[in-house]
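Secondary and tertiary structure notes
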Amino acid sequence: MTSAPRTRSSAELIAAEEPVLAHNYHPLPVVVARAEGAWVEDVEGRKYLDMLAGYSALNFGHRHPALIEAAHRQLDRLTLTSRAFHNDRLAEFAERLAALTGLDMVLPMNTGAEAVESGIKVARKWAYDVKGVPADRATIVVAADNFHGRTTTIVSFSTDDTARAGFGPFTPGFRVVPYNDLAALEEAVDETTAAVLIEPIQGEAGVVIPDDGYLAGVRELTRRAGCLFVADEIQSGLGRTGRTLAVEHESVVPDVVLLGKALGGGIVPVSAVAARREVLQVLHPGEHGSTFGGNPLAAAVGTAVVELLETGEFQRRAAELGVVLREGLEALVGKGVTGFRSRGLWAGVDVDPALGTGREVSERLMREGILVKDTHGSTVRLAPPLTVTADELREALRTLEKVLSRQV
Ligand SMILES: Cc1ncc(COP(=O)(O)O)c(C=O)c1O
C-alpha cells in the first residue's frame, strides 16, 4: 500500500464536512484514504484493521484483486446501457446468481433498500395476480426491531422511533409482530397476507439470531398459509455466516431472497431480488425498473462476486474463523462483555454499560487501530472481511480485551 497524497489533515477534512454535508451520520473520527484487504489507512498513514467491512458490503475485503480486475476489464469496454437495450454481461450474472441462491429468476437493482422495495412490490403484485387478494388489500407481515433500509415505505414498518419520527405519513399494509415468535406470526397471517418479510438474523438490531427452528417454522407456516417467505439477506447473505445464505443453516429455501451489499464487491452498488419463477414473472414491461439496475459494470462485478462464492472458500473461512471469533468472545464474557451472539464471522457483543457506551468502546478501539461500529446502546458489532486471518482476528480480540480492562 503506498501512502495517499496529503492535502488536508483528518481533522481539517472532518471540520470541512460539517457545514456542507448533511448530518445524517455520526461517523467515527477517522478519515480513510486507502485500503487493501482487511486493512485501511487514514490520511496521516495510520493503519487500522477493518472489523466492520462496510456493514458486510466488503465481505471479500477492500479491493479484492479478482473483483478489481473484473471491474477494470469492464470499465475498458462498456459501463452503462440502461435496460432500453440488452448488454452482454447481464445474462451470465442472472444465470449464476439464480443458481447460487437455488432460485429461478433475478431482478437486478442497485441498493439494498431498492431490493427491499422491489421485493415488497413483487409480493403485492403476486398477491393480486396469483393469490387473488382483493385490490389494495394485501398485507405484509414483518418483525419488530427490523432494519430493511431508509425509504418512506420501509421506515413505515420500522419500530425505531429515530428512523420514523418526522417522516410520515406512512405507507399502510404492514403488520409488525415480535421477532422469533412463530405463534405471533401465525396470528398475524391471514387471507390478505402477501408475504412474511424478515431478516434471517437481525443485523442492525445487534446480530439477533432466532432460535433454531424459527426459520424452518416461518417456511412451513408461509407454505401452509399460501403466502411468500421473503428473506432479507442483504447483510446476512453472501458468505457472512459461514453459508452462502443464512437461511441455509436451517436448510430453508425462501420464495424470495433479497441481496445487496457484498454483491457489489465493495466497488459498485449492486442488489437483487432472487425468486421463484412463479413470483418474479408477475412483473411485465413498464411495471418496475431502474436506470442503473443490471448495468454491465454492476453485472461484471456481481458475476465476479458470485464466482468467488461458487468455490465455497469464503463460506468455509467464515465458518472456521467464526469458531476463533466465538471462542475469543466466550473468553471475554465476564471481563467487560456481558453477552454476545455470533454466527460465522458476525457478532453482536454486549459490553458492560459501566465501561462505556458502544460508541465509546468503538472510539477506544479506533485509537488502538481497530475499526468497529456500535449498534444500539452498549452493543458493538464485529463483521470483519471474510479474508481476515486468524492472527488478525485474535489481535482484534486481544485489543478488545485491553480496551475493556482499561489497560489502554
Ligand atoms: C438487512 C438489511 N436490509 C436492507 C438494508 C439497506 O441497504 P442499503 O443501505 O444498501 O439501502 C440494510 C442495510 O444495512 C440491511 O442491513
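Look a little higher up for the structure.
Described below are features of the structure shown in this document.

Conventions we followed
- Residues numbered from 1 in each chain as written.
- Predicted model: local features only at pLDDT ≥ 70, side-chain atom pairs only at ≥ 80, totals over all residues.
- Heavy atoms only, no water.
- Helix = DSSP H or I, 4+ residues; strand = E, 2+ residues; numbered from the N terminus.
- Buried < 20%, exposed > 50% of the residue type's maximum accessible area, 1.4 Å probe, protein only.
- Expected span 1.5 Å × (residues − 1).
- Arc of directions from axis to C-beta.
- Core = buried A, V, L, I, M, F, W, Y, C linked by side-chain atoms within 4.5 Å.
- Domains from an automatic or database assignment.
- Contact = heavy atoms within 4.5 Å.
- Salt bridge = Lys/Arg side-chain N within 4 Å of Asp/Glu carboxyl O.
- Pairing = 2+ DSSP bridges.
- Axes fitted to C-alpha atoms, helices over the stretch in contact; angles between N-to-C directions.
- Near = heavy atom within 4 Å.
- Polar contact = N/O pair within 3.5 Å; in protein donor to acceptor, adjacent residues only side chain to side chain.
- Areas by Shrake-Rupley, 256 points an atom, 1.4 Å probe, with all protein chains shown as cover.
- Nonpolar A, V, L, I, M, F, W, Y, C, P; charged D, E, K, R; others polar.

**Some points on the environment of glutamate 95**
Checked against the element boundaries, glutamate 95 lands in helix α4 (residues 90-101). On the accessibility criterion, glutamate 95 (55% relative accessible area) is exposed. Between the C-alpha atoms of glutamate 95 and methionine 109, which are 14 residues apart in sequence, the distance is 15 Å.

**Some remarks on helix α14 (residues 390-404)**
In this model, α14 (15 residues) spans 21 Å end to end at C-alpha, consistent with the 21 Å of a helix rising 1.5 Å per residue. Of all the positions in α14, only Glu392, Leu393, Ala396, Leu397, Thr399, Leu400, Val403 and Leu404 are classed as buried. Considered in projection along α14, the buried side chains sweep an arc of 155 degrees and stay on one side of the axis. Just beyond α14, the residue with positive phi is arginine 406, at close to 55 degrees.

**Considering the nonpolar core**
Counting residues in hydrophobic clusters, the biggest one holds 76 residues, and the most contacted among them are Leu97, Ile198, Leu263, Leu329 and Leu382. Taken domain by domain, the makeup of this core includes at least three residues from each of domain 1 (10-63 + 313-404) and domain 2 (65-310). Not counting chain neighbours up to four residues away, the residues in contact with leucine 382 comprise Met51, Leu325, Leu329, Leu345, Trp346, Ala347, Val349 and Val372. Counting 30 residues, the second largest nonpolar core, distinct from the first, contains Ala194, Ala195, Val256 and Val279.

**A few points about the pattern of salt bridges**
Taken as a whole, this structure holds 24 salt bridges when the rule is applied. In this structure, glutamate 186 engages arginine 224 in a salt bridge whose closest nitrogen and oxygen atoms are separated by 3.0 Å. Of the two residues, glutamate 186 sits in helix α8 (residues 182-188) while arginine 224 sits in helix α9 (residues 214-225), which places them 38 residues apart along the sequence. With a closest N to O distance of 2.9 Å, aspartate 350 and arginine 341 form a salt bridge. It is possible to trace a salt-bridge network through shared partners that takes in Glu92, Arg96, Glu307 and Glu310.

**A short note on the sheet that holds strand β5 (residues 139-143)**
Taken in spatial order, the seven strands line up as β4-β10-β9-β8-β7-β5-β6 in an open sheet, and their pairing is mixed. Each end of this open sheet is capped by a strand with a single partner; those strands are β4 (105-109) and β6 (174-177). Within the sheet, the average angular offset between the axes of one strand and its neighbour, ignoring direction, is 20 degrees. The pairing of β4 with strand β10 (residues 271-275) spans five bridges and is classified as antiparallel. Considered in β10, the bridge of methionine 109 is made with serine 271. Sheet strands touched by α4: β4, β9 (256-259) and β10. Its angle to β4, the strand with the most contacts, is close to 120 degrees.

**Focus: the site of the ligand**
Neighbouring the ligand are the residues Thr111, Gly112, Ala113, Phe147, His148, Gly149, Glu199, Glu204, Asp232, Ile234, Gln235 and Lys261. Taking glutamine 235, its side chain carries an N or O atom lying 2.7 Å from an oxygen atom of the ligand. The fraction of the free accessible surface of the ligand (390 Å²) that becomes covered by protein chains is 81%. Across the shell around the ligand, the residue classes tally to three nonpolar, five polar and four charged.

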